[in-house]
Amino acid sequence: MPPEKQILLVENDGAICDLWEVQLSEWGYSFDVAPTGAEALERARTDRYRMLLTDLGLPGFTGRELIHTLRNEQPGLAVIVVTGNGSPEGEKELKKEGVYDFISKPINFAQARASLRNCFSELETHGEPSLLPAGNETMAELHACRERFLAITGHELRTPVGVLKNAVDILKNQIGEREQEILMDIISRSSDRLVEIVEQMHQVTHWYHDKKSVWPTEFSLEELVHLVVGEIRPVLENRRQTLLVNIDDQLSLFADRVKFKKVLRELVENAIKFTGDQGIITVSGTIDDAEQVQLTVSDTGIGIAEEHWSRIFDLFYEAAPPVNRGRPMGTQLGSRLGIGLAIVKEIVSAHSGHIQVSSEIGVGSRFTVTLPRRWPRPLDSSW
């Protein structure tokens, strides 16, 4: 059966997928789009394609599994991999599977177009693409950085910066009004993500310079919670989320008000991030029998798998929720650099307290901060 479409595009990032669709249409290729490996496998078994153009980081059925399965079932299928996290070892293994070429993120679409053109030329001449030389590891060397901070921040920055550059490059050409609207939306979401990343990186720098100073005062916990809620209300309204506050108006706390406001804001923002539209977030505060304040922030969100509970307070650790796959930039649930909860734990520990998490996938999460109602050390102490 002859191929019905030239390319099966498999990409779970909505913004990058939009860019590919604009470019592939402009280049004159016929294509279908699948956001997951499972859907791509089903499409490839139902219809026929000449090329598989796929990301590796797919939810569930991964890009590697998709390539392995389809190359076994359809040996003549050309495969080009798009990735932002390649490694020399991983690419050597994929070359053995029959991958023709690798396209690095951020995508240089001029080079991508040349790669597609060369691959289709090989298909026309030989019936299947010739493999690239095993020694061609230029792209892999670009991703050889191992240091964790640079790897994470580099990856986080690379995606929105690349999307911005690609979108601007396309806008330089004459395109239709509808395509312009799509690209302007992509630029807006990418810019918002860049601002968020820069702010989070600034938090780390500021935190390590400022963590030694603590200035405890007595304040109303309810008033502080309502202050934080007022600051983030536009986000709640935009997501159509409900935030409930259940704190005794007489409950006071003797602690560093500025730093404890940071605890509150991070926990509430974390709940917002992990909770879908129209979800419910609850902030409650009580005093237990041991005269300890318990502040709880719970949500009806996507939940966190138990194997991540012990690590989510580690700096730069993020349990990326599978539900994010395919969601446009700026709408992803729980997508951050893994900074906020680490700072929260440090602040709570500085107040001789502790924080616990409990969660159930698909039901929600509950973060509970327990700390003394009164400052536990002399006022001139530091930590």
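**Q** Would you mind going over the sheet that holds strand β11 (residues 354–360) in detail, with residue names and values included?
**A** Across the sheet, which stays open at both edges, the 5 strands sit in the order β7-β9-β10-β12-β11 with mixed pairing between neighbours. The strands lining the two open edges of the sheet, one partner per strand, are β7 (242–247) and β11. Taken pair by pair, the neighbouring strands of this sheet meet at an average axis angle of 10°, ignoring direction. As defined by bridge partners, strand β10 (residues 292–299) adjoins strand β12 (residues 364–372) across 7 bridges and the pair is classed as antiparallel.

**Q** Help me get a handle on the nonpolar core, residues and values and all.
**A** Ranked by internal contacts, the top residues of the largest apolar core, which has 41 residues, are L221, F260, L267 and F367. When residues in this core are grouped by element, the largest group, 8 residues, is from helix α10 (residues 257–274). Contacts of L221, omitting those with residues within four sequence positions, involve I247, L251, S252, F260, L264, V293 and L295. Counting 35 residues, the second largest nonpolar core, distinct from the first, contains W27, A78, I103 and V163.

**Q** Outline the packing of aromatic side chains, supporting the account with residue identities and numerical values.
**A** Evaluation of the coordinates by the stated rule reveals 5 aromatic pairs. A ring pair is formed by W20 and F109, whose centres lie 5.0 Å apart and whose planes are at 80°; its orientation type is edge-to-face. Placement of the pair is W20 in helix α1 (residues 14–27) and F109 in helix α5 (residues 109–126), with a sequence separation of 89 residues. For the pair W20 and F109, a shared accessibility class is recorded, and that class is buried. With 6.2 Å between their ring centres and 85° between their planes, F313 and F367 make a pair best called edge-to-face. Highlighted residues: F313 in the loop between β10 and α11 (340–350) and F367 in strand β12, separated in sequence by 54 residues. The buried category is assigned to F313, whose relative accessible area is 10%. Linked through ring pairs, W20, W27 and F109 together constitute an aromatic cluster.

Calculation criteria
Residues numbered from 1 in each chain as written. Predicted model: local features only at pLDDT ≥ 70, side-chain atom pairs only at ≥ 80, totals over all residues. Heavy atoms only, no water. Pairing = 2+ DSSP bridges. Helix = DSSP H or I, 4+ residues; strand = E, 2+ residues; numbered from the N terminus. Axes fitted to C-alpha atoms, helices over the stretch in contact; angles between N-to-C directions. Core = buried A, V, L, I, M, F, W, Y, C linked by side-chain atoms within 4.5 Å. Buried < 20%, exposed > 50% of the residue type's maximum accessible area, 1.4 Å probe, protein only. Contact = heavy atoms within 4.5 Å. Phe/Tyr/Trp six-rings, centres within 6.5 Å; stacked < 30°, edge-to-face > 60°.

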